[in-house]
Structures are given as structure tokens and as C-alpha cells.
Amino acid sequence: LFRSSTGNDVSAAISASPDAGAVPLQATVTATIGARDSSELTYTIDFGDGTTPATGTADAPYSPIVVSHTYTTKGNYELSVSASDPQGNTASASDDIDANPSLPGKPTSVNASASDRKATVSWTPPASDGGESISGYTVTASPGGETATVDGSHRSATVTGLTNGTAYTFTVQATNSVGTGPSSTASNQVTPQGPTTTALTAAPNPAVYANDVLLTATVSPASDAPGAPTGSVEFFDGTHDLGPGTVQPDGTATLDVTTLSQGDHSLTAQYRGDTAWTGSTSSAYDEQVVQATTTTDLQASAQSPVFGQSVTLTATVASSTAGVTATPAGSVEFTDGSIELGTAPLDASGVAKLSISSLAIGNHPITAMYDGAQAFAPSTSSTVPVTVSQASTTTQLSASPQTVTAGHTVDLSAGAAARAPGAGIPTGTVSYTEDGNPIGTEPLTSSALTTAALTAGDHVFVATYSGDTNFLASASAPVTVVVTSNNHDGGGSDSSKYPGGGGTLCGSCGFGCFG
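Remember, predicted model here, so these are calculated numbers, not experimental data.

Under the definition given, this model contains 3 salt bridges. Among the salt bridges present, the one from K74 reaches E132, with a minimum N-O distance of 2.5 Å. Remark: E132 occurs in the loop between β11 (118-124) and β12 (136-142) and K74 occurs in the loop between β7 (65-71) and β8 (75-84); sequence separation between them is 58 residues. Across the pair D224 and R117 runs a salt bridge, and its minimum N-O distance is 2.6 Å. Here D224, found in the loop between β18 (213-221) and β19 (232-237), pairs with R117, found in the loop between β10 (108-115) and β11; they are 107 residues apart in sequence, far enough to count as distant.

Printed below as a string of C-alpha cells:
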């Protein structure tokens, strides 16, 4: 219906196209106003639905005023326009609008989040309720077609009966008194998963360093959903990743480790989850790794050495804990009673060696003490007795010259040396004999002796070393000095060598010569 009004000086008319239809009804409103004196007019267009009117001014020549307006609620509305000039002259006109209810629009912003065999879907109401209050919403899952229905006051709904491990999307429809509107755009894709729990054990506990430690994780469903968790479990020592284990049909995953260091360890197992089951992490499991026990075996290359002889001490350190095959590292200290002899490192075979040649005469209780390492406990060998005795010696004698004439002297020189395997420098004295008779004793450091004038004939000299604390006595081999007579006529003999002879003193040599 179109109505117009004309005053004495101002005129107005208004119409809508369309002026009837289902909400949301979008109408194009055309208002025509005018004045006889072509003065400026002020106008107001009231849409009749309580929304803000359209206002403005118009100058001659007056063009139609065209505005667009949408009626979102059902009802009969009076569309009107009023105009006035500066002198207060007015005119008005109206038109009837008939807005009928319709189906609601599409809900928007549909979002889904999944859990065990269900999903919660939320949405924003449609921009248009069709002119009637929305009485309810229907959420439909794809695939499967499972639905959930809630009343119009809700903005979310939970769809149940879903299959864990299957990917779903969801659409939402709004319903009013006219009927159910179109489906929304599909939601994000989600996959329902069942919850799990993970428990961890380790055996043995405590464990010995370098021994196998078996980690066992048990992954269990935390719901009555069908099926069993699959996939893998990752094992951790604190933040250090020890490695994975595959989940078996019975829900267990295992990992055998030998790399745990000595000390306390906080172990956890993390189930990674699969398409149907969520991941889960075990509580911390406290595992203790202790040192492996060791044995130290000591051997001496000679247990009855002589003074100065080199003795090699060999210590072999090995694990005495069953199943531990690793070789201990570290060092070994060798002692003679309470006296430290020295320290030697263990090689890759667990062997340490120390050679010594400074042991004094007597008995020595030798031990080897392994100092331990992070993974291996210290240990001490049994005592190995080493008894050091005096070293043998050799004595050398020289005479110069070894052939002289009667009445002359001979210089004797002797020295003593250690006989292998002994070593060192002997001290003491050297005693000399001539034909078995002592003729003098000299210190070994200055062991030279000059004989008395010798008589004609062979003289046998022997040097005997006296020995000392560290070295045994020894005698030299006999040294023979040949002493010839000094007989100028060739037939005589030395009267001193041969008493009673008839020689006379030789004026040439000073000795008695026979003649």
C-alpha cells in the first residue's frame, strides 16, 4: 500500500519494493519530497521496525531518496517519510510492509574437538533467524551420520557414538517454527581417541654398572573402547632419550639398556599414541646403578731377586660381578708395606705394570691397590712376598808387569762388580795374597797394591773382595807373575832365592850373582 501527502507548500511520497516477503526481507525504499518555493527540505524516513531512521536534507531540484533496508523480524510495519521546510510547512507519506517468517540461515564458525568416542562441536548462530526464534540446533557427523540435537539457547553440542581412530567433520543446522535451515560449512577434521595410562618398571633394581637393565612399559586403555593401543614407547633417563620400544599385543614395550652410569636415575616411559589412542607418560621410576666389584691379582716377575735386580710387578684388575664384562679403568698403586713404590695406569686389558730395582736386602710384603672408578669399586691384592738377597760379584785382578827379573816389584790392581741379574756398585775392601800368603788389604775404591821385591820364580797372586751388605764376597782368578833370575854368567842363582848359594854381589846389577 502506497500513501502520499501534500501540504500547501510541501509534498511527500514513499514506496518499498518489495513491500511483502519472507524475512530477511530486503526492501528498496524510495521517498519523493518537494517544495513549491524550492526551499531546502529536511526529511526523516522511519522504517517502522524500531531501527534508526534515515535522515537528511534535500535541495531543489528534488531527486528521489533511495535507501535499502532489511526487515529481520516477521511482522507488519508502517514505512513512512516526513518532510519540512524552514517556514514550518510539513508533509508526510507511508507504506505498509508485510515481513513473513522464513527458515533460519546457516550457523557459522563451526569448530570441533574430539575425545574418547565423541566430539564437542561449537558454532555461532546464523545471521538470520528467519524472523522466528531459533528453537533448536542439529549437529551431524560425517562419516556415519551420528547426530546431536540441542535447544536454541545452546552454542555447542556433543556427538557420541563415534569410532576412535576415524576422522570426522561436522555440520550444524538451525531450526525455527518454519522449519530447519541449510547446513553450515563443515567443521575442522578431528579424530576421536581413547585415553591411555603408561606404567614403567625396571629390573634389576639396583643394577650393577654395565649390566643389562630391562625397562618394561605397560600401556593400558583408560576406557572400555574396543581395540588395543599400538605404536611405540620412548624411554628416557631424565631428558636423555634412551631409545624406543614397540608396543606388543599385550600392551608392553621393552628396552634393554647397558649405558646407565653409576648413581641414581629418574626413568620415564612416553607412549606416543596412535590414531585411536592418545599418548601418555609414566610416573618417574627411580633406578639405582651401583659399582661393580673388582679383584686385583698381583704377580712379581721374581720373588727371590738379588740386590739391584729389576722386578716387574704386574697387577690385573677384573670385574668380579657376574655378567659384567667391561674392563675396569683407572690406576693401581703398588706398595711395600706402608711405603709407596709407584702408581701405574691400567691398560685396555685391565693390566698395570711397575718395574723396580731399588728394593733393599730383606723381606718385602708387596701389594697392589686398585683405586676404583665411577663404575668399578676399589680392590686390593693379596700380599706377594719378595725376598731380596745379596748379589753375586766378580773380582778381577791384574798385575803389571807379569814378567820381571828378581828384585823388582809388581803393581797389582783389583776391582769388584755385580754379577747379573744383580746391579749396583759394590763397596768394601780387597785383600791380596801371594802364593797363599796375605800381602795387603786395600779399599775397593783405591784397590792398588805394589808388591815387595820379588824373588826369582813363579808367584801366584789372588785378590779377594770382602763383600758388603748388598754384595757377596768373591775371589779373582789366580794371576801368575814370572820372576826371572838376574844371573850374568848364566849359571848362577839368586842367593836370596836360594839360601846358601855361593854367589857374589854383582857390581853391575846390585844382586848376588853366582860365578
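What follows concerns the sheet that holds strand β16 (residues 196-203). Spatially, β16-β18-β21 is the arrangement adopted by the 3 strands of the open sheet, whose pairing is antiparallel. Looking at which strands have only one partner, the edges of the open sheet turn out to be β16 and β21 (252-257). Each strand of the sheet is rotated relative to its neighbour by a mean of 15 degrees, with strand direction disregarded. By the bridge criterion, 6 bridges tie β18 to β21 in an arrangement that is antiparallel. Of the residues in β21, the one forming a bridge with L215 is L255.

Counting 49 residues, the largest nonpolar core has L313, V332, F334, L397, Y432 and V481 as the members making the most contacts within it. By residue number, the principal contributor to this core is strand β26 (residues 311-319), which donates 4 residues. Here L397 is in contact with L412, S413, A414, Y432, F461, V462, A463, S476 and V479, once residues within four sequence places are set aside. One finds I45, Y77, L79 and A83 within the second-largest nonpolar core, a separate group that totals 28 residues.

The next point concerns the sheet that holds strand β25 (residues 294-300). Read across the open sheet, the 3 strands follow the order β25-β26-β29; overall the sheet is antiparallel. Looking at the sheet topology across the chains shown, the edges are occupied by β25 and β29 (351-356). Adjacent strand axes in the sheet meet at a mean angle of 15 degrees when their direction is disregarded. With 7 bridges joining them, β25 and β26 adopt antiparallel strand pairing. Residue pairing in the sheet places T295 in a bridge with A318 of β26.

On to the confidence of the model for the protein. Detailed reading of predicted coordinates is not advised where the pLDDT is low. Here the protein averages 92 in pLDDT, while 93% of its residues score no lower than 70. Below pLDDT 50 for its whole length, residues 488-515 participates in 40 contacts with residues either more than four positions away or in separate chains.

Okay, the packing of aromatic side chains next. One pair of aromatic rings is described through two measures. These are the centre distance and the angle between the planes. All told, the structure shown has 5 aromatic pairs when counted by the stated rule. Here Y168 and F170 contribute two aromatic rings whose centre-to-centre distance is 6.3 Å and whose plane-to-plane angle is 25 degrees, an arrangement assigned as stacked. Residue class for Y168 comes out buried when judged on its relative accessible area of 4%. Relative accessible area serves as the criterion here: at 0%, F170 is assigned to the buried category. Seen in terms of ring centroids, Y209 and F376 are 5.9 Å apart; in terms of plane orientation they differ by 80 degrees. Their pairing is edge-to-face. With Y209 in the loop between β17 (207-208) and β18 and F376 in the loop between β30 (362-370) and β31 (379-380), the pair connects residues that are 167 residues apart, well separated along the chain. Its relative accessible area of 24% is what places Y209 among the partly exposed residues. Relative accessible area serves as the criterion here: at 4%, F376 is assigned to the buried category.

Attention now moves to unusual backbone geometry. The linkage connecting V23 with the following residue, P24, adopts the cis geometry, with an omega of -5 degrees. Considering the arrangement of structural elements, one finds P24 in the loop between β3 (20-22) and β4 (25-35). Each neighbour pair has its own omega, and for A420 with P421 the value is 10 degrees, a cis peptide bond. Tracing the backbone shows P421 in the loop between β35 (411-418) and β36 (429-434). One non-glycine residue, S109, lies in positive phi territory at about 50 degrees. Considering the arrangement of structural elements, one finds S109 in strand β10. Of note, the phi angle at D435 is positive, near 55 degrees, even though the residue is not glycine. Structurally, the position occupied by D435 is in the loop between β36 and β37 (437-443). Among the residues examined, D435 registers a relative accessible area of 40% and is labelled partly exposed.

Cut-off values and rules
Residues numbered from 1 in each chain as written. Predicted model: local features only at pLDDT ≥ 70, side-chain atom pairs only at ≥ 80, totals over all residues. Heavy atoms only, no water. Salt bridge = Lys/Arg side-chain N within 4 Å of Asp/Glu carboxyl O. Helix = DSSP H or I, 4+ residues; strand = E, 2+ residues; numbered from the N terminus. Pairing = 2+ DSSP bridges. Axes fitted to C-alpha atoms, helices over the stretch in contact; angles between N-to-C directions. Core = buried A, V, L, I, M, F, W, Y, C linked by side-chain atoms within 4.5 Å. Buried < 20%, exposed > 50% of the residue type's maximum accessible area, 1.4 Å probe, protein only. Contact = heavy atoms within 4.5 Å. pLDDT = per-residue confidence, 0-100. Phe/Tyr/Trp six-rings, centres within 6.5 Å; stacked < 30°, edge-to-face > 60°.

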